[in-house]
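Structural overview for review
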Amino acid sequence: MTLIIKGGRVIDPANGTDGIRDIYIEGDKIIQPPKTKKTSGAEVIDARGLIVAPGLIDMHCHLREPGFEYKEDIASGTRAAAAGGFTTVCCMPNTNPVNDSRPVAEFITGQAKKAGFCKVLPIGAITKGSMGTELAEIGEMAEAGCIGFSDDGKPVVNAEMMRHALEYAKTFDRTIISHCEEPALSAGGVMNEGAVSTRLGLRGIPAAAEEVMVARDISLARLAGARLHIAHVSTAGSVELIRRAKADGINVTAETCPHYFTLTDEGVMSYNTYLKVNPPLRTEADRKAIIEGLKDGTIDVIATDHAPHAASEKDVEFDLAPFGISGLETALALAMALAHSGLIPMAELLRKFTVNPAMALGMAPPSLLPGAPADIVLIDPETEKTVRPEILLSKGKNTAFSGLVLKGWPAATINEGKKIEFKL
Amino acid sequence: MALKKKDLLGIDYLERAEIEEIISTAESFKEVSTRDIKKVPALRGRTIVNLFFEPSTRTRTSFELAAKRLSADIINISSSTSSVVKGETLLDTARNIEAMSSDMIIVRHSMSGAPIILARALKSSVINAGDGAHEHPSQALLDLFTIKERLGKVEGLNIAIIGDIAHSRVARSNILCLNKMGANVRICGPATLIPADIEKMGVKVYFRPEDAIDGADVVMMLRIQVERQKSGLFPGVREYSRFFGLNLERVRLAKEGVLIMHPGPINRGVEISPEVADGPYSVILDQVTNGVAVRMAIIYLLAEGRGTA
């Protein structure tokens, strides 16, 4: 035995556990509680007052390496992930070069192993160069460890290409993750289209730009009989479309991100580029519909869409600033607000960070049962901390939540049996 | 009296009392432009920079004359947003100018919010001389000045703004300004040029200019950019002119003594027929004249507020 987590409230959504237990770890595995009380030699973590849960999974982040290491690299991004309570992250392929082939995928997983902070399962590109015209080598990338496929950042505009992608990925038991955005409707847009964009004179992105493609992809998933996951849902209309698709038995899952259930486009009134994100922050009615979707299970997953950028890129005219929020380190704390306010039970909330993303990607659900990998997060539900850019370990200091006091933060992350030190 | 703020970024950020203060100050400055020596020494030794990232003749010249009539030193810098391509950001450009001890920077920029971003970063006062489709506060103030001068009041008047509301900073500033002063604002144009949820800014939306003009005390026409037809917002100049242009027949629907306004430059025969533009109700050139007095007031009150006047 190498590590004991004593006295914590163990919440293991995969098997409905919620109670005070001890967790025993040997090497990189969780083991049966020993028959003797002798625990000599093992490190003991006093987890009284803490929640003990399976390590979180972020199925949607941007680690920027290769190509944009000035924004983030795999080492800095995975350290930030560990600090955020994640033991597995899935990085989107919009790097340079695009992750559209085995060598890039292997490079990414190699860099992640070297860094050793958490596991990285790359998302491969659907089409070569994410250009939307030719299928990428999905089979070989799946073999190289790509867990899902997406042209994230860009939609697959051609409906027939999307149909083929769904069918072809099904062949290899992989999920297609769709970034739903009709580019003709969103072109030039920099924020949600509505009263605020009108007041500010900024070009809007209508909710319909997202919803027409959600509707299209649901139809295509039905046609292909394939697994579809809708990325970063931001509108009430999308929630309703997904709710209906699920009722119709279509194999669709969906994610949202903390900013969509925390912020609205009102925040953009000051031309704060740190709130510029794609899809854009929507209205209060949308925010409420997202929370409703999380409550009733329409939205399965909370993902970060961690999109780190350099300060020099954000400190420009609103039109010129890149889209994206640095989110790995604040996601759990922002989500905890939903549990604290009683909107979503704690176990259900943690399911959206653990079991549900695994299922959406066709992976075995993580658990804390003996034999399972020792990937664990300890959460202090009561601790309060103010978000400040300088507390982030990510190279991307572009948080949208600066100054916000949040309650409930990761206290420790154990990856493959090892407690991750994330002090710089 | 003075404006108790560093910057003038938009009508949205002004109280009604501040607007009234600018207008009454402009009234006293208007006389200066009629003197033989069109100059007062108020801002002697102050340095003002006209920083224009977008081509403009009228507004730039108007601000320049305003500053000169206040005896300030003013220099013009015309840049293009392509300086970003050259590697210098907006903030870098502005910080470089400020390093030469400017007191005030007057900014025109093609992107909404650019002056706000500048104002946050600079110690100099910033005046928004038009940013993207956001605001053009000095235009709205000179329009207000012109209406008050001609009609004696603004409260309760019916004012129709007709044209490309979606892309117009003049429309936004005027809607905000006229609403604050108690006018009833009507806007009109094809639905493609009416931005989302504009009703929430306190206006009534009309698709037929006849309805918008009916009983109006003031009609403001906006310039239509012919390029917009390429993005499918309207089929062409001929149809636009027929359905939304201001001709004599439509003017007759307005109140007796209606004011016809236009921020310029006008497209004769497109959004406004020549008989109307040059007709007896047109105050288009008064707007230009009043622009100098209003801009003198803005510059003076901001400088005074910071104790530099």
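Quick summary incoming for the structure in this document.

1. Concerning the overall build of chain B
Looking only at helices and strands, chain B has 11 helices and 9 strands in total. By principal-axis analysis of the C-alpha atoms, chain B measures approximately 55 × 45 × 35 Å. Here chain B holds 309 residues, and 57% of them are scored as buried. Sequence separation of at least 24 residues holds for 73% of the intrachain contacts in chain B that already meet a minimum separation of 6. Accessible surface, chain B: about 12,600 Å² in total, of which carbon and sulfur atoms supply 51%. Treating the 40 positive side-chain charges of chain B as one cloud and the 37 negative ones as another, the clouds have centres 3 Å apart.

2. Some thoughts on the overall build of chain A
Across its full length, chain A carries 14 helices and 19 strands. Computed over its C-alpha atoms, the radius of gyration of chain A comes to 21 Å, within 12% of the 22 Å expected for a compact globule of 424 residues. Restricting the contact set of chain A to residue pairs at least 6 apart, pairs at least 24 apart contribute 76%.

3. So, the environment of A:Asp100
All names here are of chain A. Residue placement: Asp100 occurs in the loop between strand E7 (86-91) and helix H2 (102-115). With relative accessibility at 19%, the residue Asp100 sits in the buried group. Along the primary structure Asp100 and Phe149 are separated by 49 residues, whereas in three dimensions their C-alpha atoms are 9.4 Å apart. If sequence neighbours within four positions are ignored, Asp100 has contacts with Ala125, Thr127, Lys128, Gly129, Ala136, Glu137 and Met141.

4. Overview of the interface of chain A and chain B
At the junction of the two partners, chain A supplies 17 residues and chain B supplies 25 residues. Roughly 1,600 Å² of surface becomes buried between chain A and chain B when both sides are summed, with 59% attributable to carbon and sulfur atoms. If you look at where chain A meets chain B, you find 1 salt bridge. A:Arg199 is paired through a salt bridge with B:Asp12; the nearest N and O atoms lie 2.7 Å apart. Counting every contact that joins chain A to chain B gives 8 residue pairs in polar contact (both at pLDDT 80 or more). Looking at the side of chain A that touches chain B residue by residue, the classes come out as 8 nonpolar, 4 polar and 5 charged.

5. Some remarks on the packing of aromatic side chains
Within this structure, the stated rule accounts for 5 aromatic pairs over all chains. For the pair A:Phe86 and A:Phe353, a centre-to-centre distance of 6.3 Å together with 55 degrees between the ring planes defines the contact as tilted. Residue A:Phe86 is found in strand E7, and its partner A:Phe353 is found in the loop between helix H13 (346-351) and helix H14 (355-360); the two are separated by 267 residues along the sequence. What makes A:Phe86 buried here is its relative accessible area of 0%. Ring centres 5.4 Å apart and planes at 35 degrees place the aromatic pair B:Tyr240 and B:Phe244 in the tilted group. Of this pair, B:Tyr240 and B:Phe244 both sit in helix H8 (residues 237-244), 4 residues apart, roughly one helical turn. Given the relative accessible area of 12%, B:Phe244 is considered buried. Among the aromatic residues, ring-to-ring pairing joins B:Phe234, B:Tyr240 and B:Phe244 into one connected group. A cation over an aromatic ring shows up here: A:Lys385 above the ring of A:Trp409, its NZ or CZ 4.4 Å from the ring centre. Between B:Arg295 and the ring centre of B:Phe63, over which it is positioned, the NZ or CZ distance is 4.9 Å.

6. Some words on the sheet that holds strand E1 (residues 47-52) of chain B
All names here are of chain B. Taken together, 4 strands build an open sheet; the order of strands is E2-E1-E3-E4 and the sheet is parallel. With one partner strand each, in any of the chains shown, strand E2 (73-78) and strand E4 (125-131) form the two edges of the open sheet. Across this sheet, the average inter-strand angle for adjacent strands is 15 degrees, counted without regard to direction. Bridging between strand E3 (residues 104-109) and E4 involves 5 bridges; their strand directions are parallel. Note that in E4 the partner of Val107 across the bridge is Asn128. Each of E3 and E4 is contacted by helix H4 (residues 114-121), which is oriented at about 170 degrees to E4, the strand it contacts most.

7. Quick notes on the pairing of strand E5 (residues 158-162) of chain B
Each regular strand shows side chains that alternate between the opposite faces of the sheet. Residue and element names in this part refer to chain B. In terms of burial, E5 is a largely internal element, 5 of the 5 residues being buried. Of the two faces of E5, the one holding Asn158, Ala160 and Ile162 and the one holding Ile159 and Ile161 are both buried throughout. Two elements, E5 and strand E6 (residues 184-188), share 5 bridges in a ladder whose sense is parallel. The residue of E6 that forms the bridge with Asn158 is Asn184. Each parallel crossover has a hand, and for E5 linked through helix H6 (residues 169-180) to E6 it is right-handed.

8. Quick look at helix H5 (residues 137-151) of chain B
Residues and elements named next belong to chain B. Look at H5: 21 Å from first C-alpha to last across 15 residues, which is about the 21 Å you get at 1.5 Å a residue. In terms of burial, H5 is largely enclosed, as 11 of its 15 residues are buried. Just downstream of H5, Gly152 is the residue with a positive phi angle, here 85 degrees.

Parameters and conventions
- Residues numbered from 1 in each chain as written.
- Chains lettered and ligands numbered in written order.
- Predicted model: local features only at pLDDT ≥ 70, side-chain atom pairs only at ≥ 80, totals over all residues.
- Heavy atoms only, no water.
- Helix = DSSP H or I, 4+ residues; strand = E, 2+ residues; numbered from the N terminus.
- Buried < 20%, exposed > 50% of the residue type's maximum accessible area, 1.4 Å probe, protein only.
- Contact = heavy atoms within 4.5 Å.
- Areas by Shrake-Rupley, 256 points an atom, 1.4 Å probe, with all protein chains shown as cover.
- Lys, Arg positive; Asp, Glu negative; His and termini not counted.
- Charge placed at Lys NZ, Arg CZ, Asp CG, Glu CD.
- Rg over C-alpha atoms; globule rule 2.2 N^0.38 Å.
- Buried area = accessible area lost by both parts, 1.4 Å probe.
- Salt bridge = Lys/Arg side-chain N within 4 Å of Asp/Glu carboxyl O.
- Polar contact = N/O pair within 3.5 Å; in protein donor to acceptor, adjacent residues only side chain to side chain.
- Nonpolar A, V, L, I, M, F, W, Y, C, P; charged D, E, K, R; others polar.
- Phe/Tyr/Trp six-rings, centres within 6.5 Å; stacked < 30°, edge-to-face > 60°.
- Lys NZ or Arg CZ within 6 Å of the ring centre and 35° of its normal.
- Pairing = 2+ DSSP bridges.
- Axes fitted to C-alpha atoms, helices over the stretch in contact; angles between N-to-C directions.
- Right-handed = clockwise from strand over helix to strand, strands pointing away.
- Expected span 1.5 Å × (residues − 1).

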